[in-house]
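Examination of the molecular architecture
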Amino acid sequence: MSTLAHVFEAAGIATVALGSQRRQIEETAPPRGMWVDFPLGRPLGKPADPEFQHRVLRAAFDMLDATEPVFETFGESIDDDGTEVVACSLPPRHDPDLHPAIDEARGLRPAYDRSLEQHGNRIGAGRVVDADHVTEAIESFIRVADGTPWKEAGVPGIPARVVQDIRGYYETAAVGLSDHVPGAWAGARWFYRETEAGKVILAARQAMADSGVKNPVWFYMAPGDM
Amino acid sequence: MADKDVKALSADIEIPSFSSTAFTTPPPLADATVAIVTTASLHHPDDDDFSPTDTGFRVLQADRRDYMMGHWSPNFDTTGFALDINTVFPIDRLDELAEQGVIGAVATEHLSYAGNQFDVSAIRMDSGPAGAQRLKDHGVDVVLLTPV
C-alpha cells in the first residue's frame, strides 16, 4: 500500500496512509503514514462506530498539515486476545442422514439470506461457489478429509478460493445471527473452531498437507497461524 | 488464532524501499477533493474479481454501496467489513465530512488494488501511475489509503 502512496505523491496527489502493521507502515515510509494498532481487516478500527472512525480520520487528515514526511501513531489501540468467538447459535440437527456439516450449512441458509438482505453480499459466497452450491463444495472437502486426492474430489476451484466462499457464507450468516458487533477474528474463530464445516476444512487441509500436496495449495485454506 | 500471531507471519517479509520520498503539498482540506484508495481488493459485483497476482485496479463508484471483498488472503478479519463497509472503506464518513465542510468534496470515483503482492514493480511502474492519473483527471487532491 505504501508503494501507492509514493507513486501518488510523485504524481502530485497528497496521501495519508493507514497501516495496521507497524513495521510495514514505518519502514516503507509513505510520505504521511499512521500506524493504527487495530486488528488486520479493520483499518478504521470499529465497525458501526462512526465517532471512532471519525477520530481515526481526523488524526489521519491532520497529517496533511505536515511540511515534510511524517509518521504518526494513532492514540487508541484495539486488542484481540484470541478468545472471542461470535455468539450465535448453530442450527439444530435436522436430517441425521446427512453429514453434520451439510446439515449445518443447509440450516444456516435462512440466516445467510437475512444477512444478505440487511447488509448485501460483501464477503459471502459467489467468487467460485454461490450459496446454492456451498453444500456441494463442503461435500468435496469431506471427501478430501476422508482421503480422496483433492484433484479427484470434485473441489470446484482453487481450494483456498472455494474455502473463502464457504467461510464467507458462514460468516455472513453469523453476522445475521449475532445481536452485537463481534470483535475482530471472532467470526473466523467461530467458523474454524465451532462449526462442522470449519472442522471439515481443517481436516481436509491437514490431509492435503500429510499427502504431500504443495504448501500453497492447502496452506491458504485457513489463516496462517492455524 | 489471534491477530498478533497472524501479524507475526509477515514479520520477516521483504519490504519495498524507496530512495527518495515524494511529497505533495495539498490545498487546504476544506477545499480538497478526497478519494479513498484501498488495497482490500474491493470491487462491484459486476466488475471482474481479482486474480491472486492481480496488479490492476478496480474503480469504486461513490454513489454505490455494493462493494465486495475480493482479497485472496485468509489472514484478516472480514466480519468488520461485512457489518460496516466503513471499517475498510469509509465512504459514508467522507460524505459526512463533506457535508460538514471539513473536506471540500468526495471524489466521484475511488480505487481498489489487491494488497499482499510479492512483486510490486507493475504497481510502481504501471497501474499505480495509471490510477493516479485517473484520480487527477477527476480532480482529486488528497487520497486516503486503507489496507486490510
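What you see is a predicted model, and the numbers here were worked out from it, not measured in a lab.

So, on to the overall build of chain B. Scanning chain B from N- to C-terminus turns up four helices and seven strands. In chain B, the order of α-helices and β-strands from amino to carboxyl end is α-β-β-β-β-α-α-β-β-α-β. In terms of C-alpha radius of gyration, chain B reaches 16 Å, essentially the compact-globule figure of 15 Å for 148 residues. Taking the principal axes of its C-alpha atoms as reference, chain B extends roughly 40 × 40 × 30 Å. Evaluated residue by residue, chain B yields a buried proportion of 47% over its 148 residues. Sequence-distant contacts, at least 24 apart, represent 75% of the contacts inside chain B between residues at least 6 apart.

So, on to helix α4 (residues 100-107) of chain A. All names here are of chain A. Every buried residue belonging to α4 is among A101, I102, E104 and A105, and all of these are buried. Burial along α4 is one-sided: seen end-on, the buried residues are contained in an arc of 160 degrees. On its buried side, α4 packs onto α6 (134-145) and α9 (196-210).

Take the nonpolar core next. With 112 residues, the main nonpolar core has I138(A), I166(A), V143(B) and L145(B) as its most contacted residues. Element by element, the count of residues in this core is highest for helix α7 (residues 159-177) of chain A, at ten residues. When residues of this core are assigned to domains, at least three fall in each of domain 1 (2-73) and domain 2 (100-219) of chain A. Not counting residues within four places of it along the chain, the set of residues in contact with I138(A) comprises A101(A), I102(A), A105(A), I166(A), A197(A) and V200(A).

Across the contact, 65 residues belong to chain B and 72 residues belong to chain A. When residues of the side of chain B that touches chain A are traced back to their parent elements, those giving at least two are α1 (3-8), β4 (68-69), α2 (79-83), α3 (91-100), α4 (121-137) and β7 (142-146) of chain B. It is α4(B) that provides the largest number of residues to the side of chain B that touches chain A, a total of eight residues. Of the residues in the side of chain B that touches chain A, the class split is 39 nonpolar, 15 polar and eleven charged. Here strand β1 (residues 14-19) of chain A pairs with β7(B) via four bridges, running parallel. By the bridge assignment, V16(A) is partnered in β7(B) with L144(B).

Another point: the domain arrangement of chain A. Domain annotation for chain A reports domain 1 (2-73) and domain 2 (100-219). Computed from C-alpha coordinates alone, the two centres of domain 1 of chain A and domain 2 of chain A are separated by 33 Å.

On to α3(B). Burial in α3(B) covers these residues: I91(B), L94(B) and L97(B). Down the axis of α3(B), the buried set is contained in an arc of 115 degrees. They therefore lie on one face. Exposed residues pointing more than 90 degrees away from the buried face of α3(B) are listed as E99(B) and Q100(B). Considering only its buried residues, α3(B) is in contact with α3 (50-62) of chain A together with β1 (33-38) and β5 (105-106) of chain B. Within two residues after α3(B), G101(B) carries a phi angle of roughly 80 degrees, on the positive side.

What follows concerns the environment of I102(A). All names here are of chain A. Looking at the secondary structure, you find I102 in helix α4. Here I102 falls in the buried class, since 20 other C-beta atoms lie within 10 Å of it. A C-alpha to C-alpha distance of 9.6 Å links I102 and I142, two positions 40 residues apart in sequence. Aside from chain neighbours lying at most four places away, what touches I102 is T135, I138 and E139.

Now for the environment of G176(A). Residue and element names in this part refer to chain A. Position of G176 among the secondary structure elements: in helix α7. Residues G176 and Y112, spaced 64 residues apart in sequence, show a C-alpha to C-alpha distance of 6.7 Å. For G176, the residues in contact, after removing those within four places along its chain, are A111, Y112, R114, S115 and Q118.

Our next topic: the pairing of β1(A). All names here are of chain A. For β1, the tally of buried residues reaches six of six residues, placing the bulk of the element in the interior. Every second residue of β1 is oriented toward a common face, with A14, V16 and L18 on one face and T15, A17 and G19 on the other, all of them buried. As paired elements, β1 and strand β2 (residues 32-35) share three bridges and run parallel to each other. The partner of L18 across the bridge, within β2, is M34. With helix α2 (residues 22-27) bridging β1 and its parallel neighbour β2, the resulting β-α-β unit is right-handed.

Another aspect to go through is the pairing of β1(B). All names here are of chain B. By the criterion of burial, β1 is predominantly enclosed, with six of the six residues buried. Burial along β1 is two-sided: the residues T33, A35 and V37 and V34, I36 and T38 are all buried. Two elements, β1 and β5, share two bridges in a ladder whose sense is parallel. Within β5, the position partnered with V34 by the bridge is V106. Note that β1 and β7 share five bridges and pair parallel.

Cut-offs and rules
Each residue is numbered by its place in its chain's sequence as written, counting from 1. Chains and ligands are labelled by the order in which they are written, letters from A for the one and numbers from 1 for the other. For a predicted model such as this one, the threshold for reporting local features is a pLDDT of at least 70, and the threshold for listing and counting side-chain atom pairs is 80 or more; totals across whole chains, interfaces and linings nevertheless cover every residue. Strands here mean DSSP runs of E at least two residues long; helices mean DSSP runs of H or I at least four residues long; both are numbered from the N terminus. The reference for a compact globule is 2.2 Å times residues^0.38; the radius of gyration itself is calculated from the C-alpha atoms. Around each residue's C-beta, the other C-beta atoms within 10 Å are counted; 20 or more make the residue buried, 12 or fewer make it exposed, and counts in between make it partly exposed. All C-beta atoms are placed from the backbone. Once C-beta atoms are placed from the backbone, any two residues with those atoms within 7 Å are in contact. Here, the arc refers to the directions that run from the helix axis to the C-beta atoms. We define a nonpolar core as a collection of buried residues of the types Ala, Val, Leu, Ile, Met, Phe, Trp, Tyr and Cys that are connected via C-beta atoms lying within 7 Å of each other. Domain start and end points were adopted from an automatic or database domain assignment. The residue classification treats Ala, Val, Leu, Ile, Met, Phe, Trp, Tyr, Cys and Pro as nonpolar and Asp, Glu, Lys and Arg as charged. All others, Gly included, are polar. A pair of strands counts as paired when DSSP detects no fewer than two bridges linking them. A crossover counts as right-handed when, viewed with the strands pointing away from the observer, the path leading from the first strand over the helix to the second turns clockwise.

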